[in-house]
Amino acid sequence: MRLAHLRLTALSLALALPLGALAAPLIAGSSLPPLSLEDQHGKAVSVPAGTRVIVFAADKAASDLANEVLGNEKPGVLERLQAVYLADISGMPSLVTKMFALPAMRALPFPIGLARESAVLADLPRQKAAVTVIRLADGKVQGMDHAKDTAQLKQMLGLN
């Protein structure tokens, strides 16, 4: 019984290690990996040269916060900020995505690059219920912060 438990533990670790090795979290000075996503309208989304900010929502609470702040700005806010908004929706059941989330996102006046597989944005740092704001210069990470409320996010984006 104990031997079987040890073997199962060893197998679990062996399977988990390669997955962890694939994701190298972004840190200051690192280059942003190439991304290939689609927005809520099915259009290709990338992080073009000259992008200064990535707004990243890893969960529903973060997405709600980002949508509230960006949705209350004049149209073209992402372009003015030289920003790209990305969201990890990989944990969302596909029925919920199709029936509720996508229709709601399509009503927003800005594109959201959607990761339907968790590995696509696994490198991006995240905190539960917080929007990650990544500052870039020439495609390299200059710094990052996490906003947990509208005042913090507006300040980080320079929208005060």
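Everything numeric in this text was worked out from a predicted model, so none of it was measured.

Analysis parameters
Residues numbered from 1 in each chain as written. Predicted model: local features only at pLDDT ≥ 70, side-chain atom pairs only at ≥ 80, totals over all residues. Heavy atoms only, no water. Salt bridge = Lys/Arg side-chain N within 4 Å of Asp/Glu carboxyl O. Helix = DSSP H or I, 4+ residues; strand = E, 2+ residues; numbered from the N terminus. Buried < 20%, exposed > 50% of the residue type's maximum accessible area, 1.4 Å probe, protein only. Core = buried A, V, L, I, M, F, W, Y, C linked by side-chain atoms within 4.5 Å. Contact = heavy atoms within 4.5 Å. Bend = angle between axes of the 7 residues up to and from the residue. Polar contact = N/O pair within 3.5 Å; in protein donor to acceptor, adjacent residues only side chain to side chain. pLDDT = per-residue confidence, 0-100. Pairing = 2+ DSSP bridges.

Draft legend 1. Region of the structure containing the pattern of salt bridges. Under the definition given, this model contains three salt bridges. Among the salt bridges present, the one from Asp 64 reaches Lys 60, with a minimum N-O distance of 3.0 Å. Here Lys 60 and Asp 64 lie together in helix α2 (residues 60-71), a separation of four residues that amounts to about one turn. Residue class for Lys 60 comes out exposed when judged on its relative accessible area of 60%. Put simply, Asp 145 and Arg 135 hold a salt bridge, and the shortest N to O gap is 2.7 Å.

Draft legend 2. Layout of the nonpolar core. Judged by nonpolar contacts, the single largest core of 28 residues is most densely connected at Tyr 85, Ile 112, Val 131, Leu 153 and Leu 157. Of all the secondary-structure elements, those providing two or more residues to this core are β3 (53-57), α2, α3 (77-81), β4 (83-88), α4 (94-106), β6 (131-137) and α5 (150-157). Of the residues forming this core, the biggest block, five residues, is contributed by α2. Excluding anything up to four places from it in sequence, Ile 112 contacts Glu 38, Asp 39, Gln 40, Asn 67, Tyr 85, Leu 86, Ala 87 and Met 105. Within the second largest apolar cluster, 16 residues are counted, among which are Ile 54, Ala 58, Leu 124 and Leu 136.

Draft legend 3. Expanded view of the environment of Asp 39. In this fold, Asp 39 is placed in the loop between β1 (37-38) and β2 (44-45). Along the chain, Asp 39 and Leu 86 lie 47 residues apart, while their C-alpha atoms are 8.7 Å from each other. Other than its neighbours up to four places away in sequence, Asp 39 contacts Val 45, Pro 111, Ile 112, Gly 113 and Leu 114.

Draft legend 4. Looking closely at α4. Of all bends in α4, the biggest is about 35°, found at Phe 100, and the proline Pro 103 comes one to four residues later. Among the residues of α4, those classed as buried are Thr 97, Ala 101, Leu 102 and Met 105. Those residues of α4 that are buried lie in contact with β5 (113-115).

Draft legend 5. Summary view of α5. N-capping of α5 is provided by Asp 149, with a side-chain oxygen placed 3.1 Å from the backbone N of Ala 151. Positive backbone phi, approximately 70°, marks Gly 158, located one or two places after α5.

Draft legend 6. How the structure looks around the confidence of the model for the protein. Per-residue pLDDT for the protein averages 88, and the proportion of residues at 70 or more is 85%. Per-residue pLDDT stays below 50 along residues 2-22; that stretch engages in one contact with residues further than four places along the chain or on separate chains.

Draft legend 7. Geometry of the environment of Ala 87. For Ala 87, the location among the structural elements is in strand β4. A relative accessible area of 4% means that Ala 87 is categorised as buried.

Draft legend 8. Up close: the pairing of β3. Of all five residues that make up β3, five are buried, and the element is covered over most of its length. Of the two faces of β3, the one carrying Val 53, Val 55 and Ala 57 and the one carrying Ile 54 and Phe 56 are both buried. Here five bridges tie β3 to β4, and the two strands are oriented parallel to one another. Among the inter-strand pairings, Ile 54 is bridged to a residue of β4, identified as Val 84. Examined bridge by bridge, β3 and β6 share five bridges and lie antiparallel to one another. In the strand pairing of β6, Ala 57 is matched with Val 131.

Draft legend 9. Geometry of the pairing of strand β7 (residues 140-147). Sheet topology places β6 next to β7; seven bridges connect them, and they run antiparallel. The residue bridging Ala 137 from the neighbouring strand is Lys 140, located in β7. Between β6 and β7, which pair antiparallel in sequence order, lie two residues; one of them, Asp 138, sits at a positive phi of approximately 55°.

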